[in-house]
Amino acid sequence: MNNSSDENKETSKEEKLQEARNYLKRLLKYRPRTEQEVWERMEEKGYSPDVIEETVDWGLEGDLIDDRLFAQYFVEDRLENKPKGRSVLYKELLEHGVDSELANEVLDEKISVEAEQERCRKLAEKRLASYHGDDVKAKYRKTLGFLQRRGFSKGLAGSILKELLFNDD
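Residues numbered from 1 in each chain as written. Predicted model: local features only at pLDDT ≥ 70, side-chain atom pairs only at ≥ 80, totals over all residues. Heavy atoms only, no water.

Visitor: Before we go on, may I ask you to explain the overall build of the chain in this structure?
Guide: Check the secondary structure of the chain and you find nine helices and zero strands. Mapped from its N terminus to its C terminus, the chain presents α and β elements in the order α-α-α-α-α-α-α-α-α. Relative to the globule expectation of 15 Å for 169 residues, the C-alpha radius of gyration of the chain, 23 Å, shows a markedly less compact shape. Judged by the C-alpha coordinates and their principal axes, the chain covers about 90 × 30 × 20 Å. For the chain, buried positions account for 36% of its 169 residues. Within the chain, contacts between residues separated by at least 24 positions form 62% of all contacts whose residues are at least 6 apart in sequence. (Helix = DSSP H or I, 4+ residues; strand = E, 2+ residues; numbered from the N terminus. Rg over C-alpha atoms; globule rule 2.2 N^0.38 Å. Buried < 20%, exposed > 50% of the residue type's maximum accessible area, 1.4 Å probe, protein only. Contact = heavy atoms within 4.5 Å.)

Here it is in structure tokens:
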């Protein structure tokens, strides 16, 4: 009688593992995920820690969960769809569970100084065009704050704004 109870527990655990693996596959259909994100989502779904651990291990071994791939995807997506500066991207990667060293590596690969300057310039030009009745100082102040909130350094944003607002070449 004890044997059948043990077999039911094992079958139940295998069923839960298969269900968890299927859930992981569904999660990954939309976009890559970090290991931390997978843990959090599976905990929210009510999976037990041992099922989550086995599922995450299975995902890591099968290269389904890859923090580097997530970081590369994330940075490319942000740069394309919602341009931000390096510091904000770094912070967002950490919030998603990417290791700080890996975050820096990916940002170094994906963001050149020239590209960062160009993104900052385009955002500044777009924002400045929306301030019609403001004086130059107000435009500078407002746009500088906007660019800093987007993760561009004060020095970079300030130099680009000075060039755009005060150089009448």
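Visitor: Please explain unusual backbone geometry as it appears in this structure.
Guide: For residues that are not glycine, phi is negative in most cases, and the peptide bond is trans in most cases. The residue Asp63 is not glycine, and still its phi comes out positive at about 60°. Along the chain, Asp63 turns up in the loop between α3 (49-61) and α4 (67-81).

Visitor: Would you explain the side chain of Thr55 in this entry?
Guide: Residue position: Thr55 is located in helix α3. Sequence-distant contacts of Thr55, defined by excluding residues within four places in its chain, comprise Leu17, Ala20, Arg21, Leu24 and Met42.

Visitor: Just to check I follow, could you spell out the packing of helix α7 (residues 113-129) against helix α9 (residues 154-166) for this structure?
Guide: Closest axis-to-axis distance for the α7/α9 pair is 10 Å, and the angle between their directions is 50°. Between α7 and α9, the interaxial angle falls into the category oblique. Judged by the twist between their axes, the crossing of α7 over α9 is right-handed. For the pair α7 and α9, the contacting residues are Glu116, Gln117, Cys120, Arg121, Ala124, Glu125 and Leu128 in the first and Leu156, Ala157, Ile160, Leu161, Glu163, Leu164 and Leu165 in the second. (Axes fitted to C-alpha atoms, helices over the stretch in contact; angles between N-to-C directions. Parallel < 35°, antiparallel > 145°, perpendicular 65-115°, else oblique. Left-handed = near helix turned anticlockwise from the far one by under 90°.)

Visitor: Just checking my understanding: could you explain helix α2 (residues 35-44) for this structure?
Guide: The periodicity of an α-helix, 3.6 residues per turn, causes residues three or four places apart in sequence to face the same way. Buried residues of α2: Glu37, Val38 and Met42, and no others. Taken down its axis, α2 places every buried residue within 125° of arc, on the same side. Positive backbone phi, at 90°, marks Gly46, one or two positions downstream of α2. (Arc of directions from axis to C-beta.)

Visitor: Explanation requested: helix α8 (residues 136-149) in the structure shown.
Guide: Relative to the 20 Å expected for 14 residues at 1.5 Å per residue, α8 spans 20 Å between its end C-alpha atoms, a close match to the ideal helical length. Along α8, the residues classified as buried are Ala138, Lys139, Thr143, Leu144, Gly145, Phe146 and Leu147. With its phi angle positive at about 100°, Gly151 sits one or two positions after the end of α8. (Expected span 1.5 Å × (residues − 1).)

Visitor: What is the right way to look at the environment of Asp99 in this model?
Guide: As for its placement among the helices and strands, Asp99 is situated in the loop between α5 (86-95) and α6 (100-110). Residue Asp99 is classed as partly exposed on the basis of its relative accessible area of 47%. Separated by 18 residues in the primary sequence, Asp99 and Gln117 place their C-alpha atoms 26 Å from one another. Separated by 3.1 Å, the side chain of Asp99 and the backbone nitrogen of Glu101 make a polar contact. (Polar contact = N/O pair within 3.5 Å; in protein donor to acceptor, adjacent residues only side chain to side chain.)

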